[in-house]
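Analysis of the macromolecular model
So you can see what is in the structure, the chains are spelled out below.
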Amino acid sequence: MSTPEILVRDLHKSFGANEVLRGIDLEVRRGEVVCVIGPSGSGKSTLLRCVNLLEEPSRGQVLVGGTELTDPDVDIDAARRRIGMVFQQFNLFPHLTVTENLTLPQRRVLKRDRASAARIAAENLQRVGLAEKADAYPAALSGGQQQRVAIARALAMGPEVMLFDEPTSALDPELVGDVLAVMRMLADEGMTMMVVTHEMTFAREVADRVVFMDGGVVVEDGTPEQVIGDPGHERTRHFLSRLLDPAMAEMEQESPDRADR
Ligand SMILES: Nc1ncnc2c1ncn2[C@@H]1O[C@H](COP(=O)(O)OP(=O)(O)O)[C@@H](O)[C@H]1O
Ligand SMILES: [Mg+2]
């Protein structure tokens, strides 16, 4: 079997006395889409941020494309260029046009000349269906369009893997679909993706694997059919039932049958 594109081994992360990640082991193979689900505060964002070293792990290893990012001698800027990240907040520069938002990091980080950066920006705006917004400012776009620009900006850097942290959580419901459609296209094209999301339909249909985290550990890791369709742990069932029906979960919480807690 080929080396995994992302490999996380015994990853720990503490903030002061708060141990947020308590020994995560995870791998994502080339072309795989792994959705990470779990309650708020379970460490999902911290995990993604450790994978591209926006946070420094307290212990353990992170390898991307075979390069150990946690090696003190690694060229972290070079390693990070292989990783695109999309956040819940789009983080576009409001004073720059859509095209300028895409060309700036290419020119600064990759030292591309103006013409190549503009060409690659145009290609990637086309990919996310926003070619006609090239000269618009972010404020003139809907949240869904801004998030697609943020995705195009990440893609323009030519990443080998893409990390998404709740990319649709800040969007009005009617705008979620367009963003998910772009992510689905990337998955179909064979992009390696780690996606933190509460969109269970997306996870079921697009993910090769679903990872359920709670309390800084991976509780379940399997196919969507296993983890969402037939979870093996009470904690997973409880989380899913709350997503699907918050009122029902309240009632469940009051029942004494909480074997694995
Ligand atoms: N930079 C930080 N400094 C201190 N505590 C943090 C920081 N980032 C996250 N945490 C804490 O880590 C825990 C997990 O947070 P997070 O990874 O954001 O969870 P999730 O994304 O699953 O909601 C929370 O208790 C949060 O307060
Ligand atoms: Mg989070």
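Residues numbered from 1 in each chain as written. Chains lettered and ligands numbered in written order. Predicted model: local features only at pLDDT ≥ 70, side-chain atom pairs only at ≥ 80, totals over all residues. Heavy atoms only, no water.

**Remarks on the site of ligand 1**
- Around ligand 1, the structure places Phe15, Asn18, Val20, Pro39, Ser40, Gly41, Ser42, Gly43, Lys44, Ser45, Thr46 and Glu55.
- For ligand 1, an oxygen atom lies 2.9 Å from a polar atom in the side chain of Ser45.
- The separation between an oxygen atom of ligand 1 and a polar side-chain atom of Thr46 is 2.5 Å.
- Computed on the free molecule, ligand 1 has an accessible area of 560 Å², of which 58% lies beneath the protein chains in the complex.
- When residues of the shell around ligand 1 are traced back to their parent elements, those giving at least two are β2 (18-28) and α1 (44-51).
- Looking at the shell around ligand 1 element by element, the count peaks at 3 residues for α1.
- Tallied by class, the residues present in the shell around ligand 1 amount to 3 nonpolar, 7 polar and 2 charged. (Near = heavy atom within 4 Å. Polar contact = N/O pair within 3.5 Å; in protein donor to acceptor, adjacent residues only side chain to side chain. Areas by Shrake-Rupley, 256 points an atom, 1.4 Å probe, with all protein chains shown as cover. Helix = DSSP H or I, 4+ residues; strand = E, 2+ residues; numbered from the N terminus. Nonpolar A, V, L, I, M, F, W, Y, C, P; charged D, E, K, R; others polar.)

**Notes on helix α3 (residues 98-110)**
- The end-to-end C-alpha separation of α3 is 18 Å, in line with the 18 Å expected for 13 residues at 1.5 Å each.
- Buried within α3 are the following residues: Val98, Thr99, Asn101, Leu102, Thr103, Pro105 and Gln106.
- Of the surrounding elements, those touching the buried residues of α3 are α4 (114-127) and α5 (143-155).
- The positive-phi residue at the C-terminal boundary of α3 is Lys111, with phi of around 60 degrees. (Expected span 1.5 Å × (residues − 1). Buried < 20%, exposed > 50% of the residue type's maximum accessible area, 1.4 Å probe, protein only. Contact = heavy atoms within 4.5 Å.)

**Some remarks on the environment of Leu48**
- Tracing the backbone shows Leu48 in helix α1.
- Judged by relative accessible area, which is 0%, Leu48 ranks as buried.
- Leave out the neighbours within four places in its chain, and Leu48 touches Met85, Leu163, Phe164, Asp165, Met194 and Val196.

**Considerations on the pairing of strand β7 (residues 161-165)**
- For β7, a buried count of 5 out of 5 residues is recorded, marking the element as mostly surrounded by other parts of the structure.
- Of the two faces of β7, both are covered, the one formed by Val161, Leu163 and Asp165 as well as the one formed by Met162 and Phe164.
- Across 4 bridges, strand β6 (residues 83-86) lies against β7 in parallel orientation. Across the sheet, Gly84 pairs through a bridge with Met162, a residue of β7.
- For the crossover from β7 across helix α6 (residues 173-188) to strand β8 (residues 192-196), the handedness is right-handed. (Pairing = 2+ DSSP bridges. Right-handed = clockwise from strand over helix to strand, strands pointing away.)

**Some points on the pattern of salt bridges**
- Applying the stated criterion across every chain yields a total of 14 salt bridges.
- Salt-bridge contacts for Arg235 lead to Asp214; the nearest nitrogen and oxygen are separated by 3.5 Å. Taken together, the positions of Arg235 in helix α9 (residues 234-244) and Asp214 in strand β9 (residues 209-214) put the pair 21 residues apart, joining distant regions of the chain.
- On the basis of relative accessible area, Asp214 is assigned to the buried category, the value being 12%. (Salt bridge = Lys/Arg side-chain N within 4 Å of Asp/Glu carboxyl O.)

**Some points on the sheet that holds β6**
- Judged by pairing direction, the sheet is mixed, and its 6 strands sit side by side in the order β6-β7-β8-β3-β9-β10 without closing on themselves. Either end of the sheet is taken by a strand with one partner, and the two such strands are β6 and β10 (217-222). Taken pair by pair, the neighbouring strands of this sheet meet at an average axis angle of 15 degrees, ignoring direction.
- Pairing between strand β3 (residues 33-37) and β9: 4 bridges, direction parallel. By the bridge assignment for β9, Ile37 is matched with Phe212.
- Here α6 sits on the sheet and contacts β3, β7 and β8; the angle it forms with β8, its principal contact strand, is near 150 degrees. (Axes fitted to C-alpha atoms, helices over the stretch in contact; angles between N-to-C directions.)

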